[in-house]
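Architecture and fold: a report
Residues per chain are reported as follows:
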Amino acid sequence: MEPLIRAISSGSTSFDLHGKKIRILAYADDLVLTVDDPESLQGMLDATSQATDWMGLYFNAKKCATLHIDGSKRDSIQTTGFQIQGEPVIPLAEGQAYQRLGTPTGFRFRQTPEDTIQEIWQDAAKIDASLLALWQKINALNTFLILRISFILRGSAVAKVPLNKADKIIRQLVKKWLFLPQRASNELVYIAHRHGGTIVTRMADLCDVAVITYAFCLLTCPNATVRNIAASTHQPFTPIGNIANYVFLMPSDLKPDFAPLIICTLFPDNQKLLCSNSVHFFLTSS
């Protein structure tokens, strides 16, 4: 892949992202090409085709897709045709998505993995109807079902409502397996084993943890380009109420693997400054 990436990166066209020139994003055998105009993208695809022909590699055009967004027009999505190695590439329309690294990517597309959540419901019902022992059912739930959605949460904007519904169904099943009435405290489902619980993690909480973790990894990424772009996207956030602003501070003299995020709460009179190292972060995006 390195000769191919070098051939693509040798051109002069690129996409400006917060002052940084981005031409290609690569992970394993997945490539994303970004430019400002369709002619330049086709030129990059032609250069890619020449490099792969020289190496004896072939792209499956049916597994590739293009997304052309023109914000100056009423219909932002343009179904511009592109080719790679002489084969047409599928253009994405508004509402359509392309699965990249397990994450649906598109324009105005809901990334909530409702199909995956539905499968978790169905598999939880199968575990409930199985002949497994009660502790085995709980173990299977934690090992195979809850963690199934964790990867998707890392790179997707997931709505909380479907996750809360799934958590409710799982909570009802766990109480059933523990021979508890449904009116019993929910904490028994979530607390640790040593306290008498089943340590089942709420998927809605996993969503919050994924957002915090992903943001922290971006802000402390060893790659300077990624780190600077993530920092430049931060904007002040003004919530409803008497709190004026949330400010994020990160000690620059600490190593990224343990540098804490410090949250400062500024009140309107600017006379009080409250700092916390709590994990309850307020994250913003551009």
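Residues numbered from 1 in each chain as written. Predicted model: local features only at pLDDT ≥ 70, side-chain atom pairs only at ≥ 80, totals over all residues. Heavy atoms only, no water.

As annotated in an unreviewed UniProt entry, the chain is Reverse transcriptase domain-containing protein from Mauremys mutica.

1. Notes on the overall build of the chain
Rules: Only DSSP runs of H or I covering at least 4 residues are called helices, and only runs of E covering at least 2 are called strands; the numbering of each starts at the N terminus. In this description, contact between two residues means that some pair of their heavy atoms is separated by no more than 4.5 Å. Throughout, the Shrake-Rupley method with a 1.4 Å probe supplies accessible areas, and for residues the shown protein chains are the sole cover considered.
Broken down by element type, the chain carries nine helices and 14 strands. Looking at the chain alone, contacts between residues at least 24 apart form 50% of all its contacts between residues at least 6 apart. Element-wise, carbon and sulfur atoms account for 57% of the exposed surface of the chain, whose accessible area totals about 18,100 Å².

2. Section: empty space enclosed by the protein
We count it as follows: Detection works on a 1 Å grid of protein atoms alone, calling trapped sets that fit a 1.4 Å probe cavities and calling open sets with protein on both sides within 12 Å along at least five of seven lines pockets, with lining residues defined by an atom within 4 Å of a point. Grid points are joined across faces, edges and corners, and a volume is the space filled by probe spheres set on the points. Lys, Arg, Asp and Glu make up the charged group, whereas Ala, Val, Leu, Ile, Met, Phe, Trp, Tyr, Cys and Pro make up the nonpolar group; the residues left over, Gly among them, are polar.
Across all of its chains, the model carries one cavity of 30 Å³ or more by this definition. Looking at the largest cavity, its volume works out to about 30 Å³. Looking at the largest cavity, the residues that line it are D167, I170, R171, Y190, V200, T201 and R202. With three residues, the single largest contributor to the lining of the largest cavity is helix α6 (residues 160-177). Residue composition of the lining of the largest cavity, grouped by class: three nonpolar, one polar and three charged.

3. Considerations on helix α2 (residues 38-55)
To keep things clear, this is the line we draw: In a helix, the anticipated span is given by 1.5 Å times the number of residues less one. Burial classes: relative accessible area under 20% of the type maximum marks a residue as buried, over 50% as exposed, and values in between as partly exposed (1.4 Å probe, protein chains only). Pairs of N or O atoms within 3.5 Å make up the polar contacts considered here, provided that, within protein, one atom can donate a hydrogen while the other can accept it, and that residues adjacent in sequence are counted only when both atoms are side-chain atoms.
The terminal C-alpha atoms of α2, which comprises 18 residues, lie 26 Å apart, in line with the 26 Å expected from a rise of 1.5 Å per residue. Of the positions making up α2, those classed as buried are S40, L41, Q42, M44, L45, T48, S49, A51 and T52. Residues of α2 that are buried make contact with α1 (2-9), β4 (30-33) and β8 (82-84). The distance from a side-chain oxygen at the start of α2 to the backbone nitrogen of E39 is 3.3 Å, and the residue carrying that oxygen is D37. Following α2 by one or two positions, G56 adopts a phi angle in the positive range, close to 80°.

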